[in-house]
Amino acid sequence: MVHAPRGGRLAEERKRKKRWKRTRTRACRREEEEEDLMSVGQVACAVISLHYLQQAMRYHDNNKVIPTYYATFTLACIIGAAVVYKEFEGLTARQLSIFFVGKSHKHRGEQSRGRGEEERRRDRTRRVAKDG
């Protein structure tokens, strides 16, 4: 009695599908682990950022802390997104310098705004002290 050879196309196809499932599930598990790690990193950054923001508000005037925090957070978001989406690749050195000069002007404006508020408050307290 002669047996037909095992396997054939059907068996090879089954083996290929099993191999594909194994590699796909490994890749999916790896992606899930990376997503979990990124989520932990985001939560840790948020907690640390809030901690330092509270410390700054405890020791300094809120009129200086909040605008500075807002300006640096906005700048970090813009630069981070530009790096992720590779928006800086096609820019010339002149365009990059204009971008960073604009950002520095924004930051200086936020700081001067905080300083101006502090000076107005001092003037009010001086006037009240003179009147009282």
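Residues numbered from 1 in each chain as written. Predicted model: local features only at pLDDT ≥ 70, side-chain atom pairs only at ≥ 80, totals over all residues. Heavy atoms only, no water.

Enquirer: Would you take a moment to explain the overall build of the chain for this structure?
Expert: A tally of regular secondary structure across the chain gives 3 helices and 0 strands. Across the chain, helices and strands are ordered from the amino to the carboxyl terminus as α-α-α. At a minimum sequence separation of 6, the contacts of the chain that also span at least 24 residues come to 59%. When the accessible area of the chain is evaluated, it comes to approximately 11,800 Å², of which 57% is carbon and sulfur surface. (Helix = DSSP H or I, 4+ residues; strand = E, 2+ residues; numbered from the N terminus. Contact = heavy atoms within 4.5 Å. Areas by Shrake-Rupley, 256 points an atom, 1.4 Å probe, with all protein chains shown as cover.)

Enquirer: Where do I start with the environment of serine 49 in this structure?
Expert: One can find serine 49 in helix 1 (residues 8–59). Among the residues examined, serine 49 registers a relative accessible area of 23% and is labelled partly exposed. Distance from serine 49 to phenylalanine 73, taken between C-alpha atoms, is 9.8 Å for residues 24 residues apart in sequence. (Buried < 20%, exposed > 50% of the residue type's maximum accessible area, 1.4 Å probe, protein only.)

Enquirer: For this particular structure, what's the right way to read unusual backbone geometry?
Expert: Glycine aside, negative phi is the norm for most residues, and most peptide bonds take the trans geometry. The phi torsion at lysine 86 lies on the positive side, around 55 degrees, for a residue other than glycine. Topologically, lysine 86 is positioned in the loop between helix 2 (62–84) and helix 3 (93–131).

Enquirer: Would you take a moment to explain a positive patch on the surface for this structure?
Expert: Positive charge collects at one region of the surface, where Arg14, Lys15, Lys18, Arg19, Arg22, Arg26, Arg29 and Arg30 lie side by side. Mapped onto the elements, arginine 30 comes out in helix 1. (Patch = residues over 30% accessible without salt bridge, like charges linked within 9 Å, V, L, I, M, F, W, Y side chains within 5 Å. Salt bridge = Lys/Arg side-chain N within 4 Å of Asp/Glu carboxyl O. Lys, Arg positive; Asp, Glu negative; His and termini not counted. Charge placed at Lys NZ, Arg CZ, Asp CG, Glu CD.)

Enquirer: Sorry if this is basic, but what is going on with the side chain of lysine 103 here?
Expert: Its place among the elements puts lysine 103 in helix 3. Those residues within four positions of lysine 103 in sequence are excluded, and the remaining contacts are Leu75 and Ile78.

Enquirer: Is there a simple way to explain helix 2 in this structure?
Expert: Structurally, the α-helix is built with 3.6 residues per turn, so residues lying three or four positions apart point the same way. Look at helix 2: 32 Å from first C-alpha to last across 23 residues, which is about the 33 Å you get at 1.5 Å a residue. Residues of helix 2 that are buried include every one of Val65, Pro67, Ala71, Thr74 and Ala82, and no others. Following helix 2 by one or two positions, lysine 86 adopts a phi angle in the positive range, close to 55 degrees. (Expected span 1.5 Å × (residues − 1).)

Enquirer: What exactly am I supposed to notice about the packing of aromatic side chains here?
Expert: Any aromatic ring pair is given by two values, namely how distant the centres are and how the planes are angled relative to each other. A complete count under the given rule lists 4 aromatic pairs for this structure. Geometrically, the ring pair formed by phenylalanine 88 and phenylalanine 100 is tilted, given 6.2 Å between the ring centres and 45 degrees between the ring planes. Placement of the pair is phenylalanine 88 in the loop between helix 2 and helix 3 and phenylalanine 100 in helix 3, with a sequence separation of 12 residues. Given the relative accessible area of 22%, phenylalanine 88 is considered partly exposed. Judged by its relative accessible area of 38%, phenylalanine 100 is partly exposed. Through a chain of ring-to-ring contacts, three or more aromatic side chains come together here, namely Phe88, Phe99 and Phe100. (Phe/Tyr/Trp six-rings, centres within 6.5 Å; stacked < 30°, edge-to-face > 60°.)

Enquirer: Can you help me understand a negative patch on the surface in this one?
Expert: A contiguous patch of negative charge, built from Glu31, Glu32, Glu33, Glu34, Glu35 and Asp36, is present on the exposed surface. One can find glutamate 32 in helix 1.

Enquirer: Sorry if this is basic, but what is going on with the confidence of the model for the chain here?
Expert: For any part of a model where pLDDT is low, the fine detail of the predicted coordinates should not be relied upon. The share of residues in the chain with pLDDT of 70 or more is 89%, and the mean pLDDT across the chain is 81. Within the chain, no element has a lower average pLDDT than helix 3, which sits at 79, and none a higher one than helix 2, at 84. (pLDDT = per-residue confidence, 0-100.)

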